[in-house]
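# Results of the structural survey
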Amino acid sequence: MIRIALVDDSVILRSAIRNVLESSGFEVAFEAGGSAELRAKMEETGADLILLDIFFPTENGLDILAELKRKYPRVKALMVTGLRQDTILAEAQRLGADGVLYKPFDTDELLAAIRHVCGM
């Protein structure tokens, strides 16, 4: 089973995604509100796939992605953003993102993106 981590500063969004994933048979390994929490929880429990927001109030998700991929090159990363901008997409791909999911998204889009990234 794929273990998924949810990394977003919005507790409400994380909760909504958790509900969708768990009701669809996925395991949520952990939730994190930023990079410090992500680092600690990756060391503690790990994950196979990270759903990672790009914009945080005090951090840049692309910087978090770069660090994540350096330390855990085999982990899959699905970036989540509300901004459709080619330069952001190109930078995410350059840093090792396995996919990008644009907000707002519905349940079907979320599940399809996860299945695509994980090769299911």
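Definitions and limits used
- Residues numbered from 1 in each chain as written.
- Predicted model: local features only at pLDDT ≥ 70, side-chain atom pairs only at ≥ 80, totals over all residues.
- Heavy atoms only, no water.
- Helix = DSSP H or I, 4+ residues; strand = E, 2+ residues; numbered from the N terminus.
- Expected span 1.5 Å × (residues − 1).
- Buried < 20%, exposed > 50% of the residue type's maximum accessible area, 1.4 Å probe, protein only.
- Arc of directions from axis to C-beta.
- Pairing = 2+ DSSP bridges.
- Right-handed = clockwise from strand over helix to strand, strands pointing away.
- Core = buried A, V, L, I, M, F, W, Y, C linked by side-chain atoms within 4.5 Å.
- Contact = heavy atoms within 4.5 Å.

## Focus on helix α1 (residues 11-23)
Compared with the 18 Å implied by 1.5 Å per residue over 13 residues, the 18 Å span of α1 between its first and last C-alpha is a close match. Of all the positions in α1, only Arg14, Ile17, Val20 and Leu21 are classed as buried. Projection of α1 onto a plane perpendicular to its axis shows the buried side chains occupying an angular sector of 130°, all on one side. In α1, the exposed positions that point more than 90 degrees away from the buried face belong to Val11, Ile12 and Ser23.

## Description of the pairing of strand β3 (residues 49-53)
Where burial is concerned, most of β3 is hidden: 5 out of the 5 residues are buried. Where burial is concerned, the two faces of β3 agree: the one with Leu49, Leu51 and Asp53 and the one with Ile50 and Leu52 are both buried. Pairing between strand β1 (residues 3-7) and β3: 4 bridges, direction parallel. By the bridge assignment for β3, Leu6 is matched with Leu51. Examined bridge by bridge, β3 and strand β4 (residues 76-81) share 5 bridges and lie parallel to one another. Note that in β4 the partner of Leu49 across the bridge is Lys76. At this point the chain moves from β3, through helix α3 (residues 61-71), to the parallel β4, and the crossover so formed is right-handed.

## Observations regarding the nonpolar core
Counting residues in hydrophobic clusters, the biggest one holds 24 residues, and the most contacted among them are Phe30, Leu38, Met42, Ile50, Leu52, Leu65 and Met79. When residues of this core are traced back to their parent elements, those giving at least two are β1, β2 (27-32), α2 (35-44), β3, α3, β4 and α4 (86-94). Residue contributions to this core peak at 5 residues, all from α3. Setting aside anything within four residues of it in sequence, one finds Met79 in contact with Leu52, Asp53, Ile54, Gly61, Leu62, Leu65, Ala92, Ala97, Gly99, Val100 and Leu101. Core analysis: the second largest hydrophobic core is formed by 19 residues, Val20, Phe26, Val28 and Leu110 among them.

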